Amino acid sequence: MRILGIETSCDDTCAAVVEIKRNRDFKILSNVVSSQVKLHAKYGGVFPSLAKREHQKNLPFVVKKALSKAKNPKIDLIAVTSGPGLEPCLWTGINFAKDLAEKMKLPVVPINHIEAHILANIIDKKSKLHFPALCLVVSGGHTQIILMKGISQYKILGETRDDAAGECFDKTARILGLGYPGGPIISKTAKKLKKREMKIILPRPMIHQKNYDFSFSGLKTAVLYDFKKRSLKTKKSQQYIQEMCAEIQQTIIDVLIKKTLKAARDYKVKSVILSGGVAANNELRKQFQSAIKNQHLKIIISLPAKNLCTDNAAMVAAAGFFNQQKHWKEIKANANLKIDGKL
Ligand code: KG4
Ligand code: ZN
């Protein structure tokens, strides 16, 4: 079957066509992402009403492009993100999907954005996922540790009490005057660092606590204080900026790995599944793999392709496959939709 996925929960307008073969092989026929990054960069974050307007403007073209890139195949189902996310943006996608479904006489299913991020791991994997699994979802809006006993069986074990990991990257990059989105910029800047000379050390919030929760707002404040106390000359120096970026990235990585692997051990899982925009971070991917090896853990790590970590509609289409049996008459946006709650 072929599924058209539509994703507009934040600042990317996305549409994709995914084909699912009988043996459950997922093949991406098209995956179109129209980013609003340039527009929101001015504000250092996403401006919801502006994002909604852009989605409305872009969606017809993005969907058309996704269909034509896939060579206009027969579509069997439309899958659309219904939450969590920015409510005005979610409604734009839902209304568009419903209209299109009526025109094309197709069923439409609502998709949980977090589940879609997790299921991105299924798309380009020849092997199937190994359960029980522990999912770390790290994006601009979420940082959650989720126990996954199987497809559609999720339990949130812990989450951030304040800022998400991606949000922390974005906000600290803004403090340093580096632009938006912060994650890729901080990662690129940190890579340029040759030697640590200033020995900047940031706090690792909640790293030793027994729970699986996170807190990143203190880290942002620590960066702000450090930045404020520096001289103008230091603030502008490459050494300071690069060293600060390296330390921000390492702090976030340390906390994420420590907490995730603790949960993985406690719940004796077979695999750890990474997802969300922050999972595109090279250092995080590398260090997760070495931590599992160094700690002699018999855990398989699953990392989606980088373009499937950040927001996209191929993951929404894939999630549509596993939610196709649901018959939805009334699809509503739910900005705070939980993965282990009811849709
Ligand atoms: O999953 P995503 O595209 O959108 C949400 O659902 O929020 O995640 C976006 C977040 C942003 O905060 C961005 O800074 C972060 O993911 N991000 C990264 C990287 N690429 C994107 N963070 C760290 N390293 C990266 N390479
Ligand atoms: Zn996302």
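Because the structure is predicted, anything quoted here is derived from the model rather than measured. (Residues numbered from 1 in each chain as written. Chains lettered and ligands numbered in written order. Predicted model: local features only at pLDDT ≥ 70, side-chain atom pairs only at ≥ 80, totals over all residues. Heavy atoms only, no water.)

## Some points on the overall build of the chain
The helix and strand tally for the chain stands at 12 helices and 10 strands. A principal-axis box enclosing the C-alpha atoms of the chain has dimensions of 65 × 45 × 30 Å. Relative to all contacts within the chain whose residues are 6 or more apart in sequence, the contacts with residues 24 or more apart total 74%. Carbon and sulfur atoms provide 53% of the accessible area of the chain, an area that totals close to 16,100 Å². (Helix = DSSP H or I, 4+ residues; strand = E, 2+ residues; numbered from the N terminus. Contact = heavy atoms within 4.5 Å. Areas by Shrake-Rupley, 256 points an atom, 1.4 Å probe, with all protein chains shown as cover.)

## Structural notes on the coordination of the zinc ion (ligand 2)
Coordination of the zinc ion (ligand 2) by the protein involves His113 (NE2), His117 (NE2) and Asp311 (OD), with metal-donor separations of 2.0 to 2.1 Å. Given 4 donor atoms and angles of 94 to 137° at the metal, the environment of the zinc ion (ligand 2) is assigned as irregular. Among the residues examined, His117 registers a relative accessible area of 0% and is labelled buried. (Donors = N, O, S within 2.8 Å, 3.2 Å for Na, K, Ca; no water. Tetrahedral: all angles 85-135°; square planar, octahedral: opposite > 155°, others 65-115°. Buried < 20%, exposed > 50% of the residue type's maximum accessible area, 1.4 Å probe, protein only.)

## Overview of the pattern of salt bridges
Under the counting rule described, the total for this entry stands at 16 salt bridges. One salt bridge connects Lys57 with Glu54, and the closest N-O pair in it is separated by 3.1 Å. One end of the pair is Lys57 and the other is Glu54, both in helix α2 (residues 48-69) and 3 residues apart, which spans about a single turn. For Glu54, a relative accessible area of 12% translates into the label buried. With a closest N to O distance of 3.1 Å, Asp213 and Arg161 form a salt bridge. One end of the pair, Asp213, is in the loop between α6 (182-191) and α7 (217-229); the other, Arg161, is in the loop between β8 (153-159) and α5 (165-175), and 52 residues separate them in sequence. (Salt bridge = Lys/Arg side-chain N within 4 Å of Asp/Glu carboxyl O.)

## A closer look at the sheet that holds strand β1 (residues 2-7)
In sheet architecture, strand pairing relies on hydrogen bonds along the backbone and comes in two forms, parallel and antiparallel. The strand order across the open sheet built from 5 strands is β3-β2-β1-β4-β5, with neighbouring strands paired in mixed fashion. Edge positions in the sheet fall to β3 (26-35) and β5 (108-112), since each of these pairs with one other strand and no more. When the angles between neighbouring strand axes are averaged without regard to direction, this sheet yields 20°. The strands that α2 touches are β1, β2 (12-20) and β3; relative to β2, the one it contacts most, it runs at about 25°. Helix-sheet contacts for helix α4 (residues 113-123) involve β1, β3, β4 (77-83) and β5, and the interaxial angle to β5 is about 95°. (Pairing = 2+ DSSP bridges. Axes fitted to C-alpha atoms, helices over the stretch in contact; angles between N-to-C directions.)

## A short note on the site of ligand 1
In the vicinity of ligand 1, 20 residues are found, and the nearest of them are Gly140, Asp170, Gly183, Gly277 and Asp311. One of the backbone N or O atoms of Gly141 is found 3.4 Å from an oxygen atom in ligand 1. Taken by itself ligand 1 offers 550 Å² of open surface, and the protein chains cover 88% of this. Within the residue set of the shell around ligand 1, elements represented by two or more residues are α4, α5 and α6. Within the shell around ligand 1, the residues separate by chemical class into 6 nonpolar, 12 polar and 2 charged. When residues of the shell around ligand 1 are sorted by domain, at least three fall in each of domain 1 (2-124 + 307-322) and domain 2 (133-304). (Near = heavy atom within 4 Å. Polar contact = N/O pair within 3.5 Å; in protein donor to acceptor, adjacent residues only side chain to side chain. Nonpolar A, V, L, I, M, F, W, Y, C, P; charged D, E, K, R; others polar. Domains from an automatic or database assignment.)

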